[in-house]
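Now for the letters of each chain:
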Amino acid sequence: MRLLTHNMLSSNIKGVANGFPLKIEVEKVVQKEVDFNIDFLKNMFYKVEWKALAEASRTMGYAELPENADAAMLESDDFLHKFHHALLELHLEEGALVCPETGRKFPVTKGIPNMLLHEDEV
Amino acid sequence: MSTSRPELLAPPEIFYNDDEARKYTSSSRIIDIQSQLTERALELLALPDDGVPRLLLDIGCGSGLSGETITEHGHQWLGLDISQSMLDVALEREVDGDLVLGDMGQGLGLRPGVLDGAISISAVQWLCNADKSSHEPRLRLKAFFGSLYRCLGRGARAVLQVYPENIAQRELILGFAMRAGFSGGIVVDYPHSTKRRKEYLVLTCGPPSLSFITPNGKGEDGESCSDEDNSGDEENQTVCVSDRHRPRKKQKVNKRGKGRDWVLKKKEQMRRKGNTVPADTKYTARKRKDRF
């Protein structure tokens, strides 16, 4: 699971008002090379919740992202490459996602988060 | 009928077990159909043609057959499926999108407004079945369309290819989509053919606008193709009941055969069914010379 996906997912449990961002428990991180595409990054920049991304990438052991970011930084090539690496190349292979409100764990195995809810959580 | 409708056999997470998932993905016929359906769904999605990769959601992505077509078009995607076995096959095939194990009937757990579009190939009709005592199809459809509406960006489209079992099911699905706030309708490709007939729910997030027109289906000669038209056709047909005691009238076949008009009519019928038919030329239904 890439951090792009982590940035989109939120906890869907009944009664949870703010299920975002899910905390990451890391067991294994892998890196996979992905083609660099500036247009996609610029498109995604406005949709990504920056604080959550920066925090998630730190948990995954990549501390290069700045705390805050604004659109002017998209001009910098260096910044774009870091953004690209954090968003698309870091994969959470094994671990868990934790709901910030209820503490419910969604296990991640072989890179696939299990977001299935129990019957009483729907 | 039971073999052609897997949703009547077992719930999806049980029907698509390891064997079925492997069978599904090793059949070249299914791969072909899936990629054709995805091509058409992407066409109906009508993303702006500016070369910018978009983020799409594939609902019921299965083993990633549809996702591969999305990747070929240069977009990023996120796949959701309820069957672990199907996702395992997708992992083996090393698809480019991210996979999430989830149930669309529980609502999509995604942040609002993040997606540029969504497609779904042959999945949404599963929601009409209650596989567990806790399942209530209406609530599940409501949760699905409500959450889909929220996570799509404004003006984004969702194209859902469905196999509704009957008219009631089609209306149920469309009704919940409209109640969630979507505008749009159903596009039917090849409405005259039983095999090639495919239905797509084309939905747009937001109020109906003048610029949005539900696209025409393929193989229907530009005529509108709503449900009423189709059911109307069936009703208008009169059923002939022949009296077997009456001597049958001789069929009118003159010496020269059925003639060019008849051939042209038949060819037109086959064309409407979506079959490949040779073009009409001056040679069509021309009689051979005597010396032949």
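By the naming in an unreviewed UniProt entry, chain B goes by 18S rRNA (Guanine-N(7))-methyltransferase RID2-like and is assigned to Nicotiana tabacum. Its UniProt record, at the heading Sequence similarities (unreviewed entry), says of chain B: "Belongs to the class I-like SAM-binding methyltransferase superfamily. BUD23/WBSCR22 family."

Looking at an unreviewed UniProt entry, chain A carries the name Multifunctional methyltransferase subunit TRM112-like protein At1g22270, with the source organism given as Nicotiana tabacum. In the Sequence similarities (unreviewed entry) part of its UniProt record, chain A is described as follows: "Belongs to the TRM112 family." If you open the UniProt record of chain A and go to Subunit (unreviewed entry), you find "Interacts with TRM9."

**Thoughts on the overall build of chain A**
Looking only at helices and strands, one finds four helices and four strands in chain A. Taken from the N to the C terminus, the helices and strands of chain A come in the order α-β-α-α-α-β-β-β. Taken against the 2.2 N^0.38 rule, which gives 14 Å for 122 residues, the C-alpha radius of gyration of chain A at 15 Å falls within 12% of a compact globule. Here chain A holds 122 residues, and the buried ones make up 50% of them. Long-range pairs, those at least 24 residues apart, make up 67% of the contacts in chain A between residues at least 6 apart in sequence. Of the accessible surface of chain A, which amounts to about 5,900 Å², a share of 47% is contributed by carbon and sulfur atoms. Taken together, the 13 basic and 20 acidic charged side chains of chain A have centroids lying 4 Å from each other.

**A closer look at the side chain of Ser193(B)**
With respect to the helices and strands, the residue Ser193(B) is situated in the loop between strand S6 (183–189) and strand S7 (198–204). Polar contacts involving the side chain of Ser193(B) include one to the main-chain amide nitrogen of Lys195(B), which spans 3.4 Å.

**Structural notes on helix H2 (residues 38–45) of chain A**
For H2(A), the full list of buried residues reads Phe40(A), Leu41(A), Asn43(A), Met44(A) and Phe45(A). Looking at the packing, one finds that the buried side of H2(A) touches helix H1 (3–8), helix H3 (50–59) and helix H4 (77–89) of chain A together with strand S1 (55–59), strand S2 (76–81) and strand S4 (115–121) of chain B. Regarding H2(A), its N-cap is Asn37(A), as a side-chain oxygen of that residue lies 3.0 Å from the backbone nitrogen of Asp39(A) further along.

**So, the interface of chain A and chain B**
Counting residues at the interface gives 29 residues for chain A and 33 residues for chain B. Both faces considered, chain A and chain B share a buried interface measuring about 2,500 Å² in area, 54% of it formed by carbon and sulfur atoms. Contact with chain B buries area across many residues of chain A, yet Met8(A), Lys47(A) and Ile112(A) alone supply 24% of it, more than any other trio. Across the contact surface, chain A and chain B share four salt bridges. Close ionic contact of Asp98(B) with Arg2(A) constitutes a salt bridge, the shortest N to O distance being 3.1 Å. Applying the counting criterion to the chain A and chain B interface returns 17 residue pairs in polar contact (both at pLDDT 80 or more). Within the residue set of the side of chain A that touches chain B, elements represented by two or more residues are H1, H2 and strand S4 (112–113) of chain A. Residue composition of the side of chain A that touches chain B, grouped by class: 14 nonpolar, nine polar and six charged.

How each quantity is defined
Residues numbered from 1 in each chain as written. Chains lettered and ligands numbered in written order. Predicted model: local features only at pLDDT ≥ 70, side-chain atom pairs only at ≥ 80, totals over all residues. Heavy atoms only, no water. UniProt positions renumbered as here; feature names shortened; annotations may be inferred. Helix = DSSP H or I, 4+ residues; strand = E, 2+ residues; numbered from the N terminus. Rg over C-alpha atoms; globule rule 2.2 N^0.38 Å. Buried < 20%, exposed > 50% of the residue type's maximum accessible area, 1.4 Å probe, protein only. Contact = heavy atoms within 4.5 Å. Areas by Shrake-Rupley, 256 points an atom, 1.4 Å probe, with all protein chains shown as cover. Lys, Arg positive; Asp, Glu negative; His and termini not counted. Charge placed at Lys NZ, Arg CZ, Asp CG, Glu CD. Polar contact = N/O pair within 3.5 Å; in protein donor to acceptor, adjacent residues only side chain to side chain. Buried area = accessible area lost by both parts, 1.4 Å probe. Salt bridge = Lys/Arg side-chain N within 4 Å of Asp/Glu carboxyl O. Nonpolar A, V, L, I, M, F, W, Y, C, P; charged D, E, K, R; others polar.

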